[in-house]
Amino acid sequence: MIRRQARLRREYLYRKGLEEQERATAERKAAIKSAVEDGKKIPTELKKDAVALQKQIDLDGAADTTLNSVDDEYLYAGVRNPKLVLTTSHGPSSRLKQFAKEVRLILPNCQRLNRGHFVLKDLVEACKSNDVTDLIILHEHRGVPDGMVICHLPYGPTAYFSLSNVVMRHDIPNVGPVQEIYPHLVFHNFTTKLGKRLESILKHLFPVPKEGSKRVISFVNSEDYVSFRHHVWTGPNSNIELSEVGPRFEMKLYEIKQGTLEQGYVNTEWKLRPFMNTARKRYFIGEDETED
């Protein structure tokens, strides 16, 4: 079983490497095609291979060269509903347990699991054997939830978030009941390549909603802090009233790894480095909306 999983992992990484090569070639073709159509100079780094790439462009003709990866991590998203498992760190406090219960109500098709004495490797293997698509782990510091890890199975990626300004449901005034219907999703200001990657990780935690759903979950990015809000709406189309059902919190992405949680040596796709905080008004997920 272990050798089979290692073989499947090697095959996946090999296909992933071929995909990166094809994507790089497609970007170079697009750069040359754009330069020829606009009458501009070909970029210096592409002059050596410009003739060969132009021949490939002529052979492609009007064919669609958009890459459709056969080994995409979210290949079956939308075809079958996601299956989630939610757990906490070892020895959770009562506040973290309550927060885990509220997060479970947010995510459809999610099962909350008491961590107990499970080690990380056994937990991931159990999820893989039961066809779980995503494993979510919540962390805390002195009773305050401060971290979330989202691990997509069976091959990754794994996203690490820090949490801040966590407000529970019972702390929100006039809070309404939570509906179990599949929610509509709203993503705002996820415009960069990293932003699209983060949007893909978050949106595939939820199944496809029905048109009549009156439940809305919002992910709003501002200065690389993603604000999570949960609402239900009532009333006719001309007079819609939103009521918050909570919880609410802010998420800060600080790392994306290409493997799963139990794998120690995997490639880091993106990481928030200390020197990145010194560049003012430099954002990685979306655009700066404070500028006019």
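Quantities reported herein were computed from a predicted structural model and do not represent experimental measurements. (Residues numbered from 1 in each chain as written. Predicted model: local features only at pLDDT ≥ 70, side-chain atom pairs only at ≥ 80, totals over all residues. Heavy atoms only, no water.)

J.: Sorry if this is basic, but what is going on with the overall build of the chain here?
T.: Along the backbone of the chain there are five helices and 11 strands. Over its C-alpha atoms, taken along the principal directions, the chain stretches across nearly 65 × 55 × 45 Å. For the chain, the proportion of its 292 residues judged to be buried stands at 39%. Sequence separation of 24 or more characterises 65% of the internal contacts of the chain that already satisfy a separation of 6 or more. About 17,600 Å² of surface is accessible on the chain, with carbon and sulfur atoms providing 51% of the total. (Helix = DSSP H or I, 4+ residues; strand = E, 2+ residues; numbered from the N terminus. Buried < 20%, exposed > 50% of the residue type's maximum accessible area, 1.4 Å probe, protein only. Contact = heavy atoms within 4.5 Å. Areas by Shrake-Rupley, 256 points an atom, 1.4 Å probe, with all protein chains shown as cover.)

J.: Looking at this structure, how should I read helix 3 (residues 94-106)?
T.: In an α-helix there are 3.6 residues to a turn, and that puts residues three or four apart on one side. For helix 3, built from 13 residues, the straight-helix expectation of 18 Å at 1.5 Å per residue is met to within 8% by its first-to-last C-alpha distance of 19 Å. Buried within helix 3 we find Leu-96, Phe-99, Ala-100, Glu-102, Val-103 and Ile-106. Looking down the long axis of helix 3, one finds its buried residues gathered within 165° of arc, a one-sided arrangement. (Expected span 1.5 Å × (residues − 1). Arc of directions from axis to C-beta.)

J.: Would you take a moment to explain a nonpolar patch on the surface for this structure?
T.: A grouping of Leu-75, Tyr-76 and Val-79 is seen on the molecular surface, where their side chains present a nonpolar patch of about 310 Å² in accessible area. Structurally, Leu-75 is set in the loop between helix 2 (50-60) and strand 1 (84-88). In this structure Leu-75 comes out as partly exposed when scored by relative accessible area, which is 37%. (Patch = residues over 30% accessible without salt bridge, like charges linked within 9 Å, V, L, I, M, F, W, Y side chains within 5 Å. Salt bridge = Lys/Arg side-chain N within 4 Å of Asp/Glu carboxyl O.)

J.: Quick question: what am I supposed to make of the pattern of salt bridges here?
T.: Pairing between side chains becomes possible if they bear opposite charge and their charged atoms approach one another. With the rule as written, the count across this model stands at five salt bridges. Measuring nitrogen to oxygen at the nearest pair gives 3.4 Å for the salt bridge that ties Glu-262 to Lys-128. With Glu-262 in the loop between strand 10 (248-257) and strand 11 (268-271) and Lys-128 in helix 4 (residues 120-129), this pair connects stretches of sequence that are 134 residues apart. The partly exposed category is assigned to Glu-262, whose relative accessible area is 24%. Across the salt bridge formed by Arg-197 and Glu-269, the nearest N and O atoms sit 2.9 Å from each other. Placement of the pair is Arg-197 in helix 5 (residues 193-203) and Glu-269 in strand 11, with a sequence separation of 72 residues. Judged by relative accessible area, which is 17%, Arg-197 ranks as buried.

J.: Help me understand the state of the cysteines, please; the structure alone is not making it clear to me.
T.: All chains considered together, the criterion is met by zero disulfides. This cysteine, Cys-127, is not joined by any disulfide, and Cys-151 carries the nearest cysteine sulfur, 8.5 Å off. Exposure remark for Cys-151: the relative accessible area of 0% places this residue in the buried category. (Disulfide = S-S within 2.5 Å.)

J.: Which parts of the structure should I look at to understand unusual backbone geometry?
T.: One can expect most non-glycine residues to show negative phi and most peptide bonds to be in trans. The omega torsion of the bond from Leu-153 to Pro-154 falls at 10°, within 30 degrees of zero and hence cis. For Pro-154, the position within the fold is in the loop between strand 4 (144-152) and strand 5 (158-167). A cis amide bond links Gly-156 to the next residue, Pro-157, at an omega of 10°. Its identity is not glycine, yet Arg-142 carries a phi of approximately 55°, on the positive side. Topologically, Arg-142 is positioned in the loop between strand 3 (134-141) and strand 4. On the basis of relative accessibility, which here comes to 79%, the residue Arg-142 falls in the exposed class. With phi around 65°, Asn-189 is a residue other than glycine that occupies positive phi space. Topologically, Asn-189 is positioned in the loop between strand 6 (184-188) and helix 5.

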